[in-house]
Amino acid sequence: MVANRSATQNSFDISVEGMSCASCVGRVEKAVKSVEGVTAANVNLATERVHVTFASDKGDPRAVTEAIRNAGYEPSDSQVDLTIQGMTCASCVARVEKALKRVPGVTEANVNLATERASVRYFGGTDVIGRLIQAVDATGYAAKEIRQDADRTDRERAAREAEIAALRRSFALAAILTLPVFVVEMGSHFITPVHDWVMNNIGHQNSWYLQFALTTLVLFGPGLRFFRKGVPALLRWAPDMNSLVVLGTSAAYAYSVVATFLPNLLPAGMINVYFEAAAVIVTLILLGRFLEAKAKGRTSEAIKRLIGLAPKTARIMRNGEALEIPLDQVQIGDIVQVRPGEKVPVDGEVVEGSSFVDESMITGEPLPVQKAQASEVVGGTINKTGSFTFRATRIGADTVLSQIIRMVEQAQGSKLPIQAMVDRITSWFVPAVMAAAALTFVVWLIFGPEPATTFALVNAVAVLIIACPCAMGLATPTSIMVGTGRAAELGVLFRQGEALQSLKGIGVVAFDKTGTLTQGRPDLTDFVTSEAFSDMETLRLVAAVEARSEHPIAQAIVAAAERRGIDLPATDSFEAVPGFGVSAVIEGRKVDVGADRFMQKLGLDVTTFADTAARLGAEGKSPLYAAIDGKLAATIAVADPIKDSTSEAIAALHALGLKVAMITGDNRRTAEAIARRIGIDEVVAEVLPEGKVEVVKRLRQAHGHIAFVGDGINDAPALAEADIGIAIGTGTDIAIESADVVLMSGDVRGVVNAIALSKATIRNIQQNLFWAFAYNVVLIPVAAGVLYPIDGTLLSPIVAAAAMALSSVFVVGNALRLRRFKAPVQSQPQSAPTTRTVEGVA
């Protein structure tokens, strides 16, 4: 499972309102980076957040928020109330306030001694709450969050729904007001009955007055949002997408107003109105924003589903009775009851009962996993058949589910290397579009046919409207959000967003052996008896002897007997012979178990098992022997069995054209035997932990970028050295902390799925970027009128507005296709080690 780790202490997130395109992203990043002490700022248009990193934990978040406001955008903060236990005087209050204010992201902290509460305003995600509690705990007091509602995500969901509802209302109102304008103006031009009706019932000039009134309502009613953002941006010489809309619609509107009320100011033959263009442009862009907001809301469905896994309440035992309490009131050490069909509320360890638990949304494994006494359970998983009680060991932000959500959010908010190119282009894109529009106007005014002013105005407006930095800004982050969310559903967690891009380019995958390719624990793999002895009876006697030994091999034999339901008899006269084996008397029968030299010492010939011993040797196993009453009874092999999923994973990696290596500290004969069985290309054995780093460097030189897969503490240096470190989620915390990607289950087929999803996501991003750039490269010249001298083609500003709106919707819609990504290999749950059926013994 995921390790319990603390968040980076000098970074935090800020939600930013008002960003609409890639140029907004660049502007906010530039403003934040200008703040003293800020070392990095990563703005994500899809999540509408900026991730800020300070050089130390003394950075001032208020300076960052002020810089964002000065750039023309509005940062939004959150509030949390904490109960504080242990305060006795004013100095306690001062100490707690000081500790809270030191937490990065905190802008205000007020502690009340009488109510024993602290009210904190902060910027950032829910991980900040964990930091606040840790800060209070570090001062010697105890803090706990007071939840204002059952689900903290309700507010964020409500804000998103409010935005969508507001856009829906704005679009509906704009459409109702625009329709008459469009019908009156365009119908008069192209439909004779409409023209006649307008002339006879309204009149030419009155129709212009009507269009003026309705268009004014559209622009300064539903369309006012563009002016509120676009005009200040223009005044700061920092134009964005809203500025382009404002310039385009204002030009058409202003020209039409002059033509309507001051026609004498215009040359003869140029008195025309374009109210319908201004109104339709605003309406279509509002439609695009509405569709975009709905689609963006679906990009975080995976996070919403993960958050929704946690139940709202828990049933705990206190003072001998069962109590139903809110989830946030569960404490570490509480005994929690779970009945059939219920969700496990928090992480813990089973103390009584047994059941099967569906962990698919945590691990990606489809089949329920058996839980019994001492088994670990994870909050958010679903109990299936039985009932059990468990002791809570992790709660709140420390649960596996909370850590998964935090990791996915961090990955979704990260910026890939491919985004750097987009940022460089969009930094000058809007000014370049404005320059292109101005050039278009001048060229048409000088060289265009009469009425030149009309042609110049219409084409310049079309250029302003057709440009779409929105699509560029959304191309990468939306794909990242959907891709990492889908990965989490499959049990693959990208701890670093950069890994999503880098993983597709690897040339070799190197695996640790023990615990990664193998089960990581010894198991009885072979038990072959002589004809004169029965399997069950021989195993019963051998296991009874080994039950007195603490050697791992002995424990594996005993465990195999217990799995078969064999009751072990008592032993007498147990004796361990160092370097040889063990002996005991059981039910009056002498039983000896040991290596071949022990049998030779007892005067027994092991050549009767020569063929079996040769086979075991070829598989890298060292056989043991058992003798009963002075007769050779069985040959035994205990080894670390290969996981069922390993061979399929290696074959799938080869199918992707990748080299596969194994780096292990185990002896060479065993490692090479395993490599032959599962198809490993290159084996490096008998390597110390520091030696693994050198091997990783050598493999990189030979095969290109390398991914290393491991699970142990000794794998941490190699995981950190590799271009991509992939940790098995069932491994150690240190290994997981060193990795870029975490596989929630122990199934190495997740490596194949991670690589395939990386390729699918980057391919999706490339498609989005191609569409966004190609759209502008092709249509901006068309809007400027380059085709007019050839075939008379001109692009109406209305068509330009529709195309611009649809381009953003297309990009988000294309990213959403990743939600349907199918894993190339299906992960299966790793069963508990069992004795393999080999030559008559299960």
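Residues numbered from 1 in each chain as written. Predicted model: local features only at pLDDT ≥ 70, side-chain atom pairs only at ≥ 80, totals over all residues. Heavy atoms only, no water.

In the annotation of an unreviewed UniProt entry, the protein chain is listed under the name P-type Cu(2+) transporter and assigned to Microvirga guangxiensis. Taken from UniProt, the Sequence similarities (unreviewed entry) comment for the protein chain reads in full: "Belongs to the cation transport ATPase (P-type) (TC 3.A.3) family. Type IB subfamily." (UniProt positions renumbered as here; feature names shortened; annotations may be inferred.)

**Q** Any chance you could break down the pattern of salt bridges for me, citing the residues and the numbers?
**A** As enumerated under the stated definition, the model contains 21 salt bridges in all. One salt bridge in this structure joins Lys692 and Asp512, with 3.2 Å as the shortest N-O distance. A residue pair is termed long-range when its members are at least 10 positions apart, and Lys692 in helix α25 (residues 689-703) and Asp512 in strand β19 (residues 508-512) qualify at 180 residues. Here Lys692 and Asp512 have matching classes, each one buried. A salt bridge links Asp592 to Lys590; the nearest nitrogen and oxygen atoms lie 2.7 Å apart. Its relative accessible area of 4% is what places Asp592 among the buried residues. One continuous salt-bridge network, built from bridges that share partners, spans Glu537, Arg540, Glu587, Arg589 and Asp629. (Salt bridge = Lys/Arg side-chain N within 4 Å of Asp/Glu carboxyl O. Helix = DSSP H or I, 4+ residues; strand = E, 2+ residues; numbered from the N terminus. Buried < 20%, exposed > 50% of the residue type's maximum accessible area, 1.4 Å probe, protein only.)

**Q** An account of the sheet that holds strand β2 (residues 38-44) is needed here, citing residue identities and associated values.
**A** Sheet architecture is open: 4 strands sit in the order β2-β3-β1-β4, paired in antiparallel fashion. On the outer flanks of this sheet lie β2 and β4 (74-76), each paired with one strand and no other. The average undirected angle you get between the axes of adjacent strands in this sheet is 35°. When β2 meets strand β3 (residues 49-54), the two strands line up antiparallel, connected through 6 bridges. Within β3, the position partnered with Ala41 by the bridge is Val52. Each of β1 (11-17), β2, β3 and β4 touches helix α2 (residues 61-70); the most contacted strand, β1, lies at about 25° to it. (Pairing = 2+ DSSP bridges. Axes fitted to C-alpha atoms, helices over the stretch in contact; angles between N-to-C directions. Contact = heavy atoms within 4.5 Å.)

**Q** Which residues make up the UniProt feature "transmembrane region" (unreviewed entry) in the protein chain, and what values go with them?
**A** With numbering matched to this structure, UniProt assigns "transmembrane region" (unreviewed entry) to residues 170-188, 208-224, 244-265, 271-291, 425-447, 453-476, 769-788 and 794-816. Across residues 208-224, the secondary structure splits into 82% helix and 0% strand, with the terminal C-alpha atoms separated by 22 Å. Each end of residues 271-291 is marked by a C-alpha atom, and these two atoms are 36 Å apart; helix forms 81% of the span and strand 0%.

**Q** Kindly report on the environment of Val357, identifying the contributing residues and their values.
**A** Looking at the element boundaries, Val357 is found in strand β13 (residues 355-358). Between the alpha carbons of Val357 and Ile382 there is a distance of 5.6 Å; along the sequence they are 25 residues apart. Dropping the residues within four chain positions of it, Val357 is found in contact with Pro368, Val369, Lys371, Thr381, Ile382, Asn383 and Phe388.

**Q** Got a sec to walk through the sheet that holds strand β8 (residues 142-146)? Specific residues and values, please.
**A** Reading across from one edge, β6-β7-β5-β8 is the order of the 4 strands in this open sheet, with antiparallel pairing throughout. Looking at the sheet topology across the chains shown, the edges are occupied by β6 (106-112) and β8. Looking at each pair of strands side by side, their axes are set apart by 25° on average, direction ignored. Where strand β5 (residues 78-85) lies against strand β7 (residues 117-122), 6 bridges are found, and the strand directions are antiparallel. Counterpart to Thr83 in the pairing with β7 is Arg117.

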